[in-house]
Amino acid sequence: DGTNYTKGTLQDNAYVNEYAGIKMNIPDGLRMATDKELTDLTGSSVTYYTDEKNSAFEAGTIWDSWVTNENNIDNVFFRFINTKVAFPGKSDVTTDDVLDIFKERNMGSDAKYEERTTVTLCGQEYTREVYSFAAAEFSPPYFNYLYARKLDNDLVCLITISTNKSENTSDYFEGFFE
(Lines give C-alpha, C1' and ligand atoms only; values in the text may rest on other atoms or scores of the structure.)
Protein backbone atom coordinates (compact mmCIF):
# COMPACT_ATOMS: atom_id res chain seq x y z
CA ASP A 1 0.00 0.00 0.00
CA GLY A 2 2.93 2.37 0.44
CA THR A 3 1.80 3.38 3.94
CA ASN A 4 2.69 2.36 7.50
CA TYR A 5 -0.74 0.76 7.97
CA THR A 6 -0.99 -2.29 10.21
CA LYS A 7 -4.21 -4.26 10.75
CA GLY A 8 -6.03 -4.03 14.05
CA THR A 9 -6.62 -7.08 16.21
CA LEU A 10 -9.13 -8.43 18.71
CA GLN A 11 -7.58 -8.47 22.19
CA ASP A 12 -9.58 -9.30 25.34
CA ASN A 13 -12.89 -8.30 23.69
CA ALA A 14 -11.46 -5.01 22.43
CA TYR A 15 -10.53 -3.83 18.94
CA VAL A 16 -6.92 -2.62 19.10
CA ASN A 17 -4.86 -0.93 16.41
CA GLU A 18 -1.50 -0.03 17.90
CA TYR A 19 -0.31 1.97 14.88
CA ALA A 20 -3.39 4.22 15.03
CA GLY A 21 -3.40 4.27 18.84
CA ILE A 22 -6.98 2.97 19.03
CA LYS A 23 -8.60 0.73 21.60
CA MET A 24 -12.36 0.21 21.59
CA ASN A 25 -13.88 -2.06 24.20
CA ILE A 26 -16.62 -4.08 22.50
CA PRO A 27 -19.81 -3.81 24.58
CA ASP A 28 -22.19 -6.67 25.30
CA GLY A 29 -24.38 -7.41 22.32
CA LEU A 30 -21.75 -6.43 19.76
CA ARG A 31 -19.12 -8.65 18.16
CA MET A 32 -16.27 -8.46 15.71
CA ALA A 33 -17.49 -9.42 12.22
CA THR A 34 -15.74 -12.30 10.53
CA ASP A 35 -13.24 -11.71 7.73
CA LYS A 36 -15.79 -13.16 5.27
CA GLU A 37 -18.51 -10.75 6.44
CA LEU A 38 -16.11 -7.83 6.07
CA THR A 39 -14.98 -8.99 2.62
CA ASP A 40 -18.60 -9.40 1.46
CA LEU A 41 -19.42 -5.88 2.67
CA THR A 42 -16.39 -4.24 1.10
CA GLY A 43 -17.03 -6.00 -2.20
CA SER A 44 -20.51 -4.52 -2.40
CA SER A 45 -19.18 -1.04 -1.58
CA VAL A 46 -16.47 -1.19 -4.24
CA THR A 47 -18.91 -2.26 -6.97
CA TYR A 48 -21.59 0.25 -5.92
CA TYR A 49 -19.54 3.35 -6.71
CA THR A 50 -18.64 3.50 -10.38
CA ASP A 51 -17.73 7.15 -11.01
CA GLU A 52 -14.03 8.00 -11.13
CA LYS A 53 -13.86 9.99 -7.87
CA ASN A 54 -15.70 7.45 -5.71
CA SER A 55 -13.99 4.49 -7.39
CA ALA A 56 -10.59 5.99 -6.52
CA PHE A 57 -11.72 6.61 -2.95
CA GLU A 58 -12.91 3.01 -2.54
CA ALA A 59 -9.69 1.69 -4.13
CA GLY A 60 -7.72 3.64 -1.53
CA THR A 61 -9.87 2.45 1.39
CA ILE A 62 -8.58 -0.33 3.61
CA TRP A 63 -11.52 -1.87 5.47
CA ASP A 64 -9.74 -2.97 8.64
CA SER A 65 -12.47 -4.23 10.98
CA TRP A 66 -16.21 -4.16 11.61
CA VAL A 67 -17.93 -4.37 15.00
CA THR A 68 -21.64 -5.16 14.71
CA ASN A 69 -24.58 -6.97 16.25
CA GLU A 70 -26.81 -9.72 14.89
CA ASN A 71 -29.26 -7.36 13.17
CA ASN A 72 -26.63 -4.85 11.95
CA ILE A 73 -28.40 -2.14 13.96
CA ASP A 74 -25.20 -0.90 15.60
CA ASN A 75 -22.09 -0.82 13.41
CA VAL A 76 -18.56 0.45 13.96
CA PHE A 77 -16.25 0.39 10.96
CA PHE A 78 -12.51 0.96 11.17
CA ARG A 79 -11.10 2.08 7.84
CA PHE A 80 -7.81 3.52 6.72
CA ILE A 81 -7.62 5.77 3.68
CA ASN A 82 -4.46 5.68 1.57
CA THR A 83 -4.71 9.26 0.37
CA LYS A 84 -2.27 8.76 -2.54
CA VAL A 85 -4.68 6.22 -4.05
CA ALA A 86 -7.99 7.68 -2.83
CA PHE A 87 -7.22 11.22 -4.03
CA PRO A 88 -5.00 10.83 -7.11
CA GLY A 89 -3.13 13.98 -8.06
CA LYS A 90 -4.01 15.76 -4.80
CA SER A 91 -1.36 16.42 -2.19
CA ASP A 92 -1.92 17.33 1.45
CA VAL A 93 -5.30 15.61 1.82
CA THR A 94 -7.13 16.70 4.99
CA THR A 95 -9.66 14.98 7.21
CA ASP A 96 -12.25 17.38 5.79
CA ASP A 97 -11.48 16.05 2.29
CA VAL A 98 -12.21 12.51 3.52
CA LEU A 99 -15.43 13.50 5.32
CA ASP A 100 -16.58 15.53 2.31
CA ILE A 101 -16.69 12.33 0.22
CA PHE A 102 -19.47 11.00 2.45
CA LYS A 103 -21.27 14.33 2.51
CA GLU A 104 -21.22 14.46 -1.30
CA ARG A 105 -22.58 10.91 -1.46
CA ASN A 106 -25.55 12.02 0.64
CA MET A 107 -26.41 15.06 -1.47
CA GLY A 108 -29.99 14.87 -2.63
CA SER A 109 -30.99 12.73 0.35
CA ASP A 110 -32.74 13.85 3.51
CA ALA A 111 -29.50 13.65 5.52
CA LYS A 112 -29.36 16.24 8.31
CA TYR A 113 -25.85 17.35 9.28
CA GLU A 114 -24.53 18.94 12.44
CA GLU A 115 -21.46 21.17 12.48
CA ARG A 116 -18.13 19.31 12.43
CA THR A 117 -16.35 19.34 15.75
CA THR A 118 -13.04 18.22 17.20
CA VAL A 119 -13.24 15.45 19.79
CA THR A 120 -10.70 13.32 21.62
CA LEU A 121 -10.69 9.53 21.23
CA CYS A 122 -7.94 7.42 22.74
CA GLY A 123 -6.00 10.60 23.60
CA GLN A 124 -5.96 11.81 19.97
CA GLU A 125 -7.88 14.60 18.25
CA TYR A 126 -10.39 13.54 15.59
CA THR A 127 -12.69 15.58 13.39
CA ARG A 128 -16.24 14.34 14.06
CA GLU A 129 -19.16 14.63 11.66
CA VAL A 130 -22.68 13.73 12.82
CA TYR A 131 -25.62 13.22 10.50
CA SER A 132 -28.91 11.35 10.40
CA PHE A 133 -31.19 10.13 7.62
CA ALA A 134 -34.15 7.81 7.10
CA ALA A 135 -33.17 4.73 5.11
CA ALA A 136 -36.75 4.24 3.94
CA GLU A 137 -39.98 6.20 4.27
CA PHE A 138 -41.28 4.35 7.33
CA SER A 139 -38.03 3.18 8.87
CA PRO A 140 -36.46 4.77 11.92
CA PRO A 141 -33.68 7.26 11.16
CA TYR A 142 -30.07 6.16 11.15
CA PHE A 143 -27.62 8.19 13.20
CA ASN A 144 -24.08 8.33 11.84
CA TYR A 145 -20.93 9.42 13.61
CA LEU A 146 -17.78 9.75 11.49
CA TYR A 147 -14.35 10.34 13.02
CA ALA A 148 -11.29 11.18 10.93
CA ARG A 149 -7.66 11.65 11.95
CA LYS A 150 -4.60 12.05 9.77
CA LEU A 151 -2.01 9.50 10.90
CA ASP A 152 0.75 10.54 8.50
CA ASN A 153 1.12 12.22 5.10
CA ASP A 154 -0.55 9.36 3.24
CA LEU A 155 -2.93 7.74 5.73
CA VAL A 156 -6.17 8.84 7.38
CA CYS A 157 -7.91 6.77 10.03
CA LEU A 158 -11.68 6.82 9.55
CA ILE A 159 -14.06 5.40 12.15
CA THR A 160 -17.70 5.28 11.08
CA ILE A 161 -20.47 4.41 13.49
CA SER A 162 -24.11 3.94 12.56
CA THR A 163 -27.17 3.03 14.61
CA ASN A 164 -30.92 3.43 14.42
CA LYS A 165 -31.23 3.65 18.20
CA SER A 166 -31.62 7.33 19.08
CA GLU A 167 -30.39 6.66 22.61
CA ASN A 168 -27.04 5.46 21.23
CA THR A 169 -25.54 8.92 20.81
CA SER A 170 -21.99 9.76 19.84
CA ASP A 171 -21.20 10.12 23.57
CA TYR A 172 -22.48 6.58 24.13
CA PHE A 173 -20.13 5.10 21.54
CA GLU A 174 -17.21 7.37 22.46
CA GLY A 175 -17.39 5.90 25.96
CA PHE A 176 -16.09 2.56 24.62
CA PHE A 177 -12.79 4.07 23.45
CA GLU A 178 -9.86 4.31 25.84
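A brief look at the structure comes next. Going along each chain's sequence as written, the residues are numbered from 1 onward. Side-chain atom pairs in this predicted model are given and counted only at pLDDT of 80 or more, local residue features only at pLDDT of at least 70, and totals for whole chains, interfaces and linings cover all residues. Only hydrogens and water are set aside; all other atoms, that is, all heavy atoms of the structure, feed into the side-chain values.

1. Considering the sheet that holds strand 2 (residues 14-17)
For two strands to be treated as a pair, DSSP must find no fewer than two bridges joining them. For the purposes of this entry, the term helix denotes a DSSP run of H or I that reaches at least four residues, the term strand denotes a run of E that reaches at least two, and both are numbered from the N terminus. Taken in spatial order, the three strands line up as 1-2-3 in an open sheet, and their pairing is antiparallel. At either margin of the open sheet sits one strand with a lone partner, and together these are strand 1 (9-10) and strand 3 (22-25). Sheet topology places strand 1 next to strand 2; two bridges connect them, and they run antiparallel. In the strand pairing of strand 2, leucine 10 is matched with tyrosine 15.

2. Quick notes on the pattern of salt bridges
Between Lys or Arg on one side and Asp or Glu on the other, a salt bridge is scored when a side-chain nitrogen of the former is within 4 Å of a carboxyl oxygen of the latter. Applying the stated criterion to the full structure yields 14 salt bridges. A salt bridge links lysine 36 to aspartate 40; its shortest N-O distance comes to 2.8 Å. Within this pair, lysine 36 and its partner aspartate 40 are both found in helix 1 (residues 35-48), separated by four residues, close to a single helical turn. Whether a residue is buried, partly exposed or exposed follows from its accessible area with a 1.4 Å probe, protein chains only, as a fraction of its type maximum: under 20%, in between, or over 50%, in that order. A relative accessible area of 44% means that aspartate 40 is categorised as partly exposed. Between glutamate 104 and lysine 53 there is a salt bridge; the shortest N-O distance is 2.7 Å. Of the two residues, glutamate 104 sits in helix 4 (residues 95-105) while lysine 53 sits in helix 2 (residues 52-59), which places them 51 residues apart along the sequence.

3. A few points about the pairing of strand 8 (residues 117-121)
Here strand 8 runs beside strand 9 (residues 124-134); their pairing, made up of five bridges, is antiparallel. Bridge pairing links leucine 121 to glutamine 124 in strand 9. Between the antiparallel neighbours strand 8 and strand 9 lie two residues, among them cysteine 122 with a positive phi of about 55°.

4. Here we look at helix 4
Within the sequence span of helix 4, burial applies to Thr95, Asp97, Val98, Leu99, Ile101 and Phe102. By the convention used here, residues are in contact when the closest approach between their heavy atoms is within 4.5 Å. Buried positions along helix 4 lie against helix 2, strand 6 (75-82), strand 7 (112-113), strand 9, strand 10 (141-152) and strand 11 (155-163). Residues adjacent in sequence count toward polar contacts only when both atoms are side-chain atoms; beyond that, a polar contact is any pair of N or O atoms within 3.5 Å, and within protein one must be able to donate a hydrogen and the other to accept it. The residue sitting at the N-terminus of helix 4 and contributing the capping side-chain oxygen is threonine 94; that oxygen lies 3.3 Å from the backbone nitrogen of aspartate 96.

5. Describing the side chain of aspartate 74
Along the polypeptide, aspartate 74 turns up in the loop between strand 5 (61-68) and strand 6. Relative accessible area serves as the criterion here: at 5%, aspartate 74 is assigned to the buried category. A distance of 2.4 Å separates a polar atom in the side chain of aspartate 74 from a polar atom in the side chain of threonine 163. Here the side chain of aspartate 74 touches asparagine 168 through a polar contact of 3.3 Å, side chain to side chain.

6. Details of the packing of helix 2 against helix 4
Here, axes are lines fitted to C-alpha atoms. For helices the fit covers the stretch in contact, and angles between N-to-C directions go from 0 to 180 degrees. At a minimum axis distance of 12 Å, the contact between helix 2 and helix 4 shows a crossing angle of 130°. If you check the angle between helix 2 and helix 4, you find them oblique. Helix 4 is crossed by helix 2, and the crossing has left-handed handedness. Counting all contacts with helix 2, which are made through Lys53, Asn54, Phe57 and Glu58, the residues of helix 4 involved are Val98, Ile101, Phe102, Glu104 and Arg105. Residue polarity follows a fixed list, in which Ala, Val, Leu, Ile, Met, Phe, Trp, Tyr, Cys and Pro are nonpolar, Asp, Glu, Lys and Arg are charged, and the others, Gly among them, are polar. Of the residues in the contact of helix 2 with helix 4, the class split is four nonpolar, one polar and four charged. The labels follow the angle: roughly parallel below 35 degrees, roughly antiparallel above 145, roughly perpendicular from 65 to 115, and oblique for the rest. Two helices crossing with the near one rotated counterclockwise from the far one by less than a right angle form a left-handed crossing, whereas a clockwise rotation gives a right-handed crossing.

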